[in-house]
Amino acid sequence: MAALSAAVLAAGGLVATASSATAADTELARNGGFESALTGWSCTAGSGAVVGSPTHGGASALKATPAGSDNARCSQTVTVRPNSDYTLSGWVQGSYVHLGATGTGTTDVSTWTASAPSWQRLSTSFRTGASTTSVTIYTHGWYGTPAYHADDISLLGPGGDPVQLPAAPTGLRAGSPGSTSVPLSWTSSPGATGYHVYRGGTRVATVSGTSANVTGLAPSTAYSFQVSAVNDAGESPKSTAVSATTTAGGGSGGDLPAHALVGYLHASFANGSGYTRMADVPDSWDVINLAFGEPTSVTSGDIRFTLCPVAECPNVEPEADFKAAVRAKQAAGKKVLISIGGANGQVQLSTTAARDAFVSSVSKIIDDYGLDGLDIDFEGHSLSLNAGDTDFRNPTTPVIVNLISALKTLKAKYGSDFVLTMAPETFFVQLGYQFYGSGSFGGQDPRAGSYLPVIHAMRDDLTLLHVQDYNSGPIMGLDNQYHTMGGADFHIAMTDMLLTGFPVAGDQSRFFPALRPDQVAIGLPASTNAGNGHTAPAEVNKALDCLTRKADCGSYRTHGTWPSLRGLMTWSINWDRYSQWEFSKNFDAYRWS
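Computed from a prediction, not measured in an experiment: that's the story for all the values here.

Attention now goes to the overall build of the protein. Along its length, the protein carries nine helices and 30 strands. Taken over the C-alpha trace, the protein has a radius of gyration of 27 Å; the compact-globule value for 593 residues is 25 Å, and the two agree within 12%. Each principal axis of the C-alpha distribution contributes one length, and for the protein these read about 90 × 55 × 50 Å. By residue count, 54% of the 593 residues in the protein fall in the buried class. Working note: accessible area of the protein is about 22900 Å², and carbon and sulfur atoms make up 51% of it. Taken as two groups, the 35 positive and 47 negative side-chain charges of the protein have centres that lie 4 Å from each other.

Shown next as structure tokens:
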């Protein structure tokens, strides 16, 4: 910390002496006492929360928690006058707490304290430049330090010209609807800093640009949409309404039970769990994922699948018997998919040639074995985001763009009954709440959150997302607390994120929308042998009770109740057999209502 102290002292100096406020000065900080929750403030990576204790004044204060490469920066932009003097102050508690202002047009300022076990006042001052009309004031902690508190933040000085309420947006139009989404666009309103999107009079999204994709809709249903413009002065009237009707079909991928059990069958290899023939898979399993189709090389896109060799699996059935067993499962209403990837099957579609080879080779496997669809289990370094690829809604990284294109081609080829599932790890999905790619300043793992653009692009065609809630480090939930695998709490928090949606990397303008509950299953290991993070059956049931009827939730508070949650996924059918079918028997016995 000595180097940190020297750097900060050299860059910003200690507390600057502020001149006394004059009679003409105005309090410009909005909600500086945090009595209106976080209204007016934006905190990076969801790091900020309002607490009732400790407080310096009033009934509330800010608590912000640094995590990973995020320093819990909370800020707001304030309208000011050019060539004017301002005094910034606030009360803080904690270690290495900073208070400052940027965009001054002269010298940006900051002040800090190394240690404030009780409330300590920080203050600094600045003069705006000749053309400065707004500044951003902020507070933040430091990397790897505990949470800090801030209260009664004040900016005194002459107020800027009053911000005018923006006019209602015009030109609202609906693009081509999907089965569960409708794209919207409109003409910008001068002076607007953002837009609220309404569906049937209820606000469903807030965006910074002039387009939005409203998701989570029902197929074959008519909807009405409006948009309003917002800035510091408030919200404009709503635009003229536009109507759109979603298409039929969507990503259902044929009929599944209301609550389904998904399992991976070790079809191409053996391990300590032993080989299980397709015909010996019990009827409990509704979706059977054949593990695995793997590429001839990491970047070829050429996927191959063969049954386990006799030398490795002495009890493997002949291919004709395997195919007959697949047909028998399908006749019984089951779905059989080819799963691509796995821990050893790295797949990087970095070129259009690899993309086309992927489509061709996967189609051949599906056709040869008469399968119902495809499971994407890309792990390791299959997916990552290039520097500068920061918006999950508009990805630019070739391995992402080409995978999306390939999946859309396969969906179009096989039609509405095509089953598409995905099994990413938490690192590639929920971690995106805090980190996305290499980050604005670089240095982060570029794989963080990298499944999000694929899930988002395919959400209208996605049958099931079953994130692997295992082999995971601690992940921050929507309560801004870290959750650890192995108990009901982890599954509740991770699933709540998928069913509620979340701002990617803490950016509210880049909000990953919720998935439908019938698209979501919880991924778990079948036994302690199958993977880290095994969850006892009683804890699995607690998680289902909480998510489907808000019972037995423990300390976590979900953002909804989802009785139509699709079900559970496990690695694997083989390991469940090895453990006397404990996992599937518990699923069969669970009462969903």
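Moving on, we come to the side chain of His259. If you trace the backbone, His259 turns up in the loop between strand 17 (242-245) and strand 18 (260-266). For His259, the side chain forms a polar contact with the main-chain oxygen of Leu565, separated by 2.8 Å. Discounting residues that sit within four places of it in the chain, His259 has contacts with Asp286, Pro563, Ser564, Leu565, Arg566, Phe587 and Trp592.

What follows deals with the environment of Val97. Relative to the helices and strands, Val97 is located in strand 6 (residues 85-102). On a C-alpha basis, the gap between Val97 and Trp592 in space is 48 Å, while along the polypeptide they are 495 residues apart. Once you skip the residues sitting within four places of it in the chain, Val97 turns out to touch Val92, Thr111, Trp112, Thr113, Leu122, Thr139, His140 and Tyr148.

Now for the environment of Ala168. Mapped onto the elements, Ala168 comes out in the loop between strand 9 (148-157) and strand 10 (170-174). Take Ala168: its relative accessible area is 25%, and that puts it in the partly exposed class. Separated by 189 residues in the primary sequence, Ala168 and Ala357 have C-alpha atoms spaced 49 Å apart. Sequence-distant contacts of Ala168, that is, excluding residues within four places in its chain, are made with Ser189, Ser236, Pro237, Lys238 and Ser239.

Glancing now at the nonpolar core. Core analysis: the largest hydrophobic core is formed by 114 residues, its most contacted members being Leu290, Phe358, Leu374 and Met422. At eight residues, the largest contribution of residues to this core is made by helix 6 (residues 488-500). The contact partners of Phe358, leaving out residues within four places of it in the chain, are Gly301, Ile303, Ile340, Val347, Leu349, Ile376, Phe378, Ala406 and Leu410. Ala29, Tyr148, Ala150 and Ile153 belong to the second-largest nonpolar core, a separate cluster that totals 26 residues.

Below, the discussion takes up the pairing of strand 18. Of all seven residues making up strand 18, seven are buried, and the element is well covered by its neighbours. Residues Ala260, Val262, Tyr264 and His266 point to one face of strand 18 and Leu261, Gly263 and Leu265 to the other, with burial holding for every one of them. As defined by bridge partners, strand 18 adjoins strand 30 (residues 567-571) across four bridges and the pair is classed as parallel. Bridging from a neighbouring strand, Ala260 pairs with Gly567 of strand 30. The pairing of strand 18 with strand 19 (residues 287-295) spans five bridges and is parallel. By the bridge assignment, Gly263 is partnered in strand 19 with Ile288.

A word on the sheet that holds strand 14 (residues 211-214). Ordered by their spatial adjacency, three strands build an open sheet running 10-11-14, and the pairing between neighbours is antiparallel. Edge strands, defined here as strands with exactly one partner in the open sheet, are strand 10 and strand 14. Neighbouring strand axes in the sheet, compared pairwise and without regard to direction, differ in orientation by 20° on average. Two strands pair when backbone bridges link them, and strand 10 and strand 11 (residues 182-187) are joined in this way by three bridges, in the antiparallel orientation. The partner of Thr170 across the bridge, within strand 11, is Thr187.

The tally for this structure, following the rule as stated, stands at three disulfides. A sulfur-sulfur distance of 2.1 Å marks the disulfide that ties Cys43 to Cys74. One disulfide, between Cys43 and Cys74, carries an S-S torsion of 115° and so falls in the right-handed class. You can see Cys43 sitting in strand 2 (residues 42-43) and its partner Cys74 sitting in strand 5 (residues 74-79), a full 31 residues away along the chain. Residue classification places Cys43 among the buried residues on the basis of a relative accessible area of 11%. Taking the relative accessible area as the measure of exposure, Cys74 reaches 0% and is therefore buried.

This next bit is on unusual backbone geometry. Cis peptide bonds are those with omega within 30 degrees of zero, and the linkage from Ser53 to Pro54 qualifies with 0°. Locating Pro54 in the fold gives a position in the loop between strand 3 (48-51) and strand 4 (61-64). Following Trp571, the chain continues into Ser572 via a peptide bond in cis, with omega recorded as 5°. Its location among the elements puts Ser572 in the loop between strand 30 and helix 8 (573-578).

Per the stated rule, a full pass over the model turns up 13 salt bridges. Here Asp85 makes a salt bridge to Arg127, at a shortest N to O gap of 3.1 Å. Of this pair, Asp85 sits in strand 6 while Arg127 sits in strand 7 (residues 109-127), placing them 42 residues apart in sequence. For Asp85, a relative accessible area of 46% gives the class partly exposed. Taken together, the shared-partner salt bridges connect Arg516, Asp518 and Arg566 into one network.

Take the environment of Arg577 next. As for its position among the elements, Arg577 is in helix 8. Along the primary structure Arg577 and Arg304 are separated by 273 residues, whereas in three dimensions their C-alpha atoms are 26 Å apart. Arg577 has contacts with Tyr275 and Thr276, leaving out every residue within four places of it along the chain.

Moving on: helix 2 (residues 319-331). Between its first and last C-alpha atoms helix 2 spans 18 Å; for 13 residues at 1.5 Å apiece the expected length is 18 Å, and the two agree. All buried positions along helix 2 are accounted for by Phe322, Ala325, Val326 and Lys329. An end-on view of helix 2 places all buried positions within 105° of arc, on one side of the element. Facing away from the buried side of helix 2 by over 90 degrees, the exposed positions are Ala320, Arg327 and Ala331. Backbone geometry just after helix 2 places Gly333 at a positive phi near 90°.

Calculation criteria
Residues numbered from 1 in each chain as written. Predicted model: local features only at pLDDT ≥ 70, side-chain atom pairs only at ≥ 80, totals over all residues. Heavy atoms only, no water. Helix = DSSP H or I, 4+ residues; strand = E, 2+ residues; numbered from the N terminus. Rg over C-alpha atoms; globule rule 2.2 N^0.38 Å. Buried < 20%, exposed > 50% of the residue type's maximum accessible area, 1.4 Å probe, protein only. Areas by Shrake-Rupley, 256 points an atom, 1.4 Å probe, with all protein chains shown as cover. Lys, Arg positive; Asp, Glu negative; His and termini not counted. Charge placed at Lys NZ, Arg CZ, Asp CG, Glu CD. Polar contact = N/O pair within 3.5 Å; in protein donor to acceptor, adjacent residues only side chain to side chain. Contact = heavy atoms within 4.5 Å. Core = buried A, V, L, I, M, F, W, Y, C linked by side-chain atoms within 4.5 Å. Pairing = 2+ DSSP bridges. Axes fitted to C-alpha atoms, helices over the stretch in contact; angles between N-to-C directions. Disulfide = S-S within 2.5 Å. Salt bridge = Lys/Arg side-chain N within 4 Å of Asp/Glu carboxyl O. Expected span 1.5 Å × (residues − 1). Arc of directions from axis to C-beta.

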